[in-house]
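Working through the structure, step by step
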Amino acid sequence: MALAEARARGRLLLWPRVVLFGDSITEFCFQEDGWGAALAERLVRKCDVVNRGFSGYNTRWAKLILPRLITKSTSAESTVAVTIFFGANDSVLKDLNPKQHVPLEEYAMNLKSMIEYLKSVDIAEDRIILITPPPLEESAWERSCLAKGDILNRRNATTGEYAQACVQVAQDCGTDVVDLWTLMQKSQDFASYLSDGLHLSSKGNRFLAAQLWPHLEKKVSALPSLLPYWRDVDHTDPEASLL
């Protein structure tokens, strides 16, 4: 059968997708042992896991670009879940980094704005998962800052305030939430979850993937495996199986 004929006979195969939206911790999530890669492996043949991470971004910038990433006409229908993972940059100390800092109240409002936008393009709150920033291990992050000629520009207690605000937004808006800041600190050695005091180590990536999966699984469990297993393809009439 010619490709043109196959195209005419076959129904367009829409591949569902999970969108991971966040800052550098999302941008890096497909690196070796990354949490995004772990999710993609579990969801292969069911949906695509799309990385929309932007290193250094905060919620003030994120809410501006979200409508350019997900629109009702092009992608909302096939989007089965969206993670929103910001706060590590918003919570930077204002006096030391005014460019990235976002005040706590504005941070919460920006999260709500992004949720409302997604709802406006038919991605309901039950398809949205917020993730709080992880805890900050100050001594390790201070060493990273000093190596760049800077001084410590974040505090774990401040990050915790943003994490609490994120949890409150999720409760107010009816979305799922992974409170990474609290969950990681249940371990006395939470520094092992972090590579430099701020970003996730291999252990931290595995931890996030494990915490996120139960929330995501509920949203994708009904998705079928796309296209038949190769043993189930009728080799004498493949068109009957594949079109």
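The sections below set out a description of the structure shown in this document. (Residues numbered from 1 in each chain as written. Predicted model: local features only at pLDDT ≥ 70, side-chain atom pairs only at ≥ 80, totals over all residues. Heavy atoms only, no water.)

As for the state of the cysteines
Rules: In this description, the term disulfide denotes a pair of cysteine sulfurs within 2.5 Å. Only protein chains enter the accessibility calculation, which uses a 1.4 Å probe; a residue is then buried when its area is under 20% of its type maximum, exposed when over 50%, and partly exposed in between.
Taken as a whole and judged by the stated rule, the model has zero disulfides. Looking at the unpaired C173, the closest cysteine sulfur is the one in C166, lying at 10 Å. On the basis of relative accessibility, which here comes to 16%, the residue C173 falls in the buried class.

Side note on helix 4 (residues 59–69)
The cut-off we apply is this: We count a stretch as a helix when DSSP gives it H or I for four or more residues in a row; a strand needs E for two or more, and each element gets its number in order from the N terminus. When we speak of the arc, we mean the arc of directions from the helix axis to the C-beta atoms. In what follows, residue pairs with any heavy atoms lying within 4.5 Å of each other are defined as contacts. Polar contact criterion, stated in full: a pair of N or O atoms within 3.5 Å, where within protein one must be able to donate a hydrogen and the other to accept it, and residues adjacent in sequence count only if both atoms are side-chain atoms.
Of all the positions in helix 4, only T59, A62, I65 and L66 are classed as buried. Buried residues of helix 4 fall within an arc of 130° about the axis and therefore sit on the same side. Projecting away from the buried face of helix 4 at angles above 90 degrees are the exposed residues L64 and R68. Where helix 4 is buried, its residues touch strand 1 (17–22) and helix 5 (104–120). Measuring from the side-chain oxygen of the N-cap residue of helix 4 to the backbone nitrogen of R60 gives 3.1 Å; that N-cap residue is N58.

Some remarks on the pairing of strand 3 (residues 79–85)
Applicable threshold: At least two DSSP bridges between two strands are required for those strands to pair.
Counting buried positions along strand 3 yields seven of seven residues, so the element is predominantly enclosed. Pairing of strand 1 with strand 3 involves six bridges; the strand directions are parallel. The residue bridging L20 from the neighbouring strand is T83, located in strand 3. Pairing between strand 3 and strand 4 (residues 128–131): three bridges, direction parallel.

Remarks on the side chain of D90
Cut-off, in case you're wondering: For the charge count, each Lys or Arg is scored as positive and each Asp or Glu as negative, with His and the chain ends excluded. Take a side-chain nitrogen of Lys or Arg and a carboxyl oxygen of Asp or Glu: if they are within 4 Å of each other, that pair is a salt bridge.
The residue D90 is located in the loop between strand 3 and helix 5 in this model. Notably, D90 is buried but unbridged: the nearest opposite-charge side chain belongs to R60, and the N-O separation is 7.3 Å. A polar atom in the side chain of D90 sits 2.6 Å from the side chain of T59. Leave out the neighbours within four places in its chain, and D90 touches N58, T59, R60, Q100, H101, V102, Y107 and Y162.

A few points about the pairing of strand 1
Burial analysis of strand 1 places six of its six residues in the buried class, which makes it a mostly covered element. Going residue by residue along strand 1, you find R17, V19 and F21 tucked away on one face and V18, L20 and G22 tucked away on the opposite face as well. For strand 1 and strand 2 (residues 48–53), the ladder comprises six bridges, and the chain directions are parallel. When the bridges of strand 2 are listed, V19 appears paired with V50.

Concerning the nonpolar core
What counts, and what does not: Residues enter a nonpolar core if they are buried and are Ala, Val, Leu, Ile, Met, Phe, Trp, Tyr or Cys, with the set joined through side-chain atoms within 4.5 Å.
Ranked by size, the top nonpolar core spans 29 residues in total, and within it V18, W35, L208 and L216 carry the most contacts. Among the secondary structure elements, those contributing two or more residues to this core are strand 1, helix 3 (35–42), strand 3, strand 4, helix 8 (180–184) and helix 9 (202–220). When residues in this core are grouped by element, the largest group, seven residues, is from helix 9. Listed in part, the 27 residues of the second largest apolar core include A62, V82, F86 and Y162.

Structural notes on the pattern of salt bridges
One pass over the full model with this rule turns up seven salt bridges. E106 is the salt-bridge partner of R60, the closest N and O atoms lying 2.7 Å from each other. Taken together, the residues R60 in helix 4 and E106 in helix 5 connect sequence positions 46 residues apart. According to the relative accessible area criterion, E106 is partly exposed, its value standing at 24%. Where D176 meets K218, a salt bridge forms, and the shortest distance between an N and an O atom there is 3.7 Å. Of this pair, D176 sits in strand 5 (residues 176–178) while K218 sits in helix 9, and the two are 42 residues apart along the sequence.

Looking at the packing of aromatic side chains
The test is simple: Centre distance within 6.5 Å is the pairing criterion for rings of Phe, Tyr and Trp, where only the six-membered ring of Trp is used; planes under 30 degrees apart are then read as stacked, over 60 as edge-to-face, and the remainder as tilted. Placement of a positive charge over a ring is assigned whenever Lys NZ or Arg CZ falls within 6 Å of the ring centre and within 35 degrees of the normal to the ring plane.
The full count for this structure, using the stated rule, is eight aromatic pairs. With a centroid separation of 6.3 Å and an interplanar angle of 80°, the aromatic rings of F21 and F54 are classed as edge-to-face. Highlighted residues: F21 in strand 1 and F54 in the loop between strand 2 and helix 4, separated in sequence by 33 residues. With 5.4 Å between their ring centres and 85° between their planes, Y57 and W61 make a pair best called edge-to-face. Since its relative accessible area comes to 28%, Y57 is described here as partly exposed. Ring pairing ties together the aromatic residues F21, F54, Y57, W61 and F86, which thus form one cluster. Taking NZ or CZ as reference, K203 lies 5.1 Å from the ring centre of Y193, over its face.

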